Amino acid sequence: MSRANGPIDIADTWDLRAPERALLAWCVVCIALGFVMLWGSTHVGGGVIDRLDLLPLGLYALSLLTLHLMLVTARFRGDQLILVAVAFLSGFGMLAQYRMGSFDTEGTISLNLLLFPIGLVLMGATAIILMRGRYQALAQGHWIWVWAALSLGLLAVLLMFGQRFRGGVYAAGLITPSEILKVTIVLFVAGFVARNARSLGAWGKGLPLPPWRALLPLAGFWLVLAGLLVVQRDLGLFIILSIAMLTMLFVGTGRLGYLLFGGIGAVAVAGVVLKVLPHGERRLTAWLEPFRDPTGGSWQILQGLSGMYSGGLWGEGFGRGSPQYTPIAQSDFIYSVIGEELGFAGCAILIVFFLILFGRGLLVASRARDNDGRLVGLGLMTVLATQTFLNIGGVTKFIPLTGLPLPFISHGGSSLITGFIGLGILLAISDGQPAAPPKNRIAKQAKGVPKHEVRSARRSPGN
């Protein structure tokens, strides 16, 4: 590891990550303010605040401190804004789930509460394990076929032994292990495209058609995947993975035709699926004509819109809304609860932090030193951004509902843990990318080096 590329000892790392430390402290302050508002609302309503109510905020602060110290001790030199953005979003999610009563138990600690701090620490551990370029092994050699086999095998086992609930298929305890496909399939497709980029980019010179022979293994895999997900009725996951695959094919080969053919194929598949699966057609009808069945199929979307409308610009106040009238508000419709209680302003803050996360993630992907890292980072960000768009777009009636949770905010342990693992891989990719040395370190060095060298150091790209 070259000294010119970053710090090599813990003291340097401590100085380098000072901005992250300060911003994480601000995250704790902001989330603490939200908890104080909720406790005040509970007190005014005649409720009682006991010691267990202090636990979520304490665990949140402790997990951020642990995460930061882990990265400093490991001399991690990766991106700092991604960590801050996801820390704020997950803190916001913990606050929202506390508001919805997801952590309520009879005098014991809820497992749902532990998922947030465990996920944050797991993200840091993933980044540390895969940093220094070790992430490259995930999308190389035989590993890409391991991810493909694991993905299809997991879906097959889930279909054989899972249980039906609200149309979907779940494992014991209503766990959704298929969420991990958002990572394993990205690794498979990224490795496949990176390995076959030249042949996949060799389209016909006359009629512009894709190279079917090179595309055949990926197309065959995708047909089997589509069949399993349709039987499982998880159309939202299929949409997310398909968009990620087409984006990686486009970026990996430079062929816009993949997006065009993909769009045509999506329209054809959507027409077939709507004929085969009646619940897909019901959701489309509820989107196009919500007042045809206002107390049945459109009840959820109309209640969500009504709540956001009543929230207005500033909201009715944390803990003062009526989310109990919206079905599954703590999961699919948590965004409508935020709109009702924190108004347009609260929703805007949430979207700004999502945009920071996506923008920073794409920057990390573009800076990756190898094609595998570039495609893996791009795929992971595409998955998160698509899921966020589908959730918020569905709740605001911009698009039909898909039943997907809002990343890091909605109730759902499998989605939460998968999101943290994906960001851990992204952080590992960012390790060693161009970073500016801390100012106080430059000042110390300035005493012993010529001025033109100090100026050169300050001009180096920031992190």
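Anything mentioned here points back to the structure above.
Treat the numbers as computed from the prediction; the structure is a model and nothing was measured. (Residues numbered from 1 in each chain as written. Predicted model: local features only at pLDDT ≥ 70, side-chain atom pairs only at ≥ 80, totals over all residues. Heavy atoms only, no water.)

(A) Seen up close, unusual backbone geometry. Residue isoleucine 328 is not a glycine yet carries a positive backbone phi of 55°. Positionally, isoleucine 328 belongs in the loop between α13 (299-311) and α14 (334-367). On the basis of relative accessibility, which here comes to 27%, the residue isoleucine 328 falls in the partly exposed class. A positive phi angle, near 70°, is found at phenylalanine 408, a position not held by glycine. Assignment of secondary structure puts phenylalanine 408 in the loop between α15 (371-395) and α16 (413-430). (Helix = DSSP H or I, 4+ residues; strand = E, 2+ residues; numbered from the N terminus. Buried < 20%, exposed > 50% of the residue type's maximum accessible area, 1.4 Å probe, protein only.)

(B) Looking closely at the packing of aromatic side chains. What the rule picks out here adds up to 16 aromatic pairs. Measuring from centroid to centroid gives 4.6 Å for phenylalanine 188 and phenylalanine 221, while their planes differ by 50°, and the two rings are tilted. Separated by 33 residues along the polypeptide, phenylalanine 188 in helix α7 (residues 181-195) and phenylalanine 221 in helix α9 (residues 212-232) bring together distant segments of the chain. Like phenylalanine 188, the residue phenylalanine 221 is buried in the burial classification. The positively charged end of arginine 21 is found above the aromatic ring belonging to tryptophan 14, 3.6 Å away from the centroid. (Phe/Tyr/Trp six-rings, centres within 6.5 Å; stacked < 30°, edge-to-face > 60°. Lys NZ or Arg CZ within 6 Å of the ring centre and 35° of its normal.)

(C) Summary view of the pattern of salt bridges. Tallied over the full model, the rule gives 7 salt bridges. With a closest N to O distance of 3.9 Å, aspartate 431 and arginine 77 form a salt bridge. Remark: arginine 77 occurs in the loop between α3 (55-73) and α4 (81-99) and aspartate 431 occurs in the loop between α16 and α17 (439-446); sequence separation between them is 354 residues. Looking at arginine 77, the relative accessible area reads 4%, which means it is buried. (Salt bridge = Lys/Arg side-chain N within 4 Å of Asp/Glu carboxyl O.)

(D) View of the nonpolar core. Formed by 119 residues in total, the largest nonpolar core has its most connected members in Trp222 and Leu225. Considering each element in turn, this core owes the most residues, 13 residues, to α4. Excluding its chain neighbours within four sequence positions, the residues that come into contact with tryptophan 222 are Ile185, Val189, Phe238, Leu241, Ser242 and Met245. (Core = buried A, V, L, I, M, F, W, Y, C linked by side-chain atoms within 4.5 Å. Contact = heavy atoms within 4.5 Å.)

(E) How the structure looks around the environment of phenylalanine 358. Within the secondary structure layout, phenylalanine 358 lies in helix α14. Residue classification places phenylalanine 358 among the buried positions, given a relative accessible area of 11%. Along the chain, phenylalanine 358 and leucine 380 lie 22 residues apart, while their C-alpha atoms are 9.8 Å from each other. Residues in contact with phenylalanine 358, not counting those within four places in the same chain, are Met381, Leu384, Ala385 and Thr388.

(F) Seen up close, the packing of helix α5 (residues 111-130) against α16. Look at α5 against α16: their axes get within 7 Å of each other, and the N-to-C directions meet at 30°. Overall, the two elements α5 and α16 adopt an arrangement that is roughly parallel. In this structure, the crossing between α5 and α16 has a hand that is right-handed. Across the interface between the two elements, Leu115, Phe116, Gly119, Leu120, Leu122, Met123, Thr126, Ala127 and Leu130 of α5 pack against Gly413, Leu416, Ile417, Phe420, Ile421, Leu423, Gly424, Ile425, Leu427 and Ala428 of α16. (Axes fitted to C-alpha atoms, helices over the stretch in contact; angles between N-to-C directions. Parallel < 35°, antiparallel > 145°, perpendicular 65-115°, else oblique. Left-handed = near helix turned anticlockwise from the far one by under 90°.)

(G) Expanded view of α3. Along its 19 residues, α3 runs 26 Å from first to last C-alpha, staying within 8% of the 27 Å computed at 1.5 Å per residue. Within α3 the residues assigned to the buried category are Pro56, Leu57, Leu59, Tyr60, Ser63, Leu64, Leu67, His68, Leu71 and Val72. Close packing links the buried residues of α3 with α1 (10-16), α2 (18-44), α4 and α5. Remark: arginine 75 follows α3 within two positions and exhibits a positive phi of approximately 60°. (Expected span 1.5 Å × (residues − 1).)

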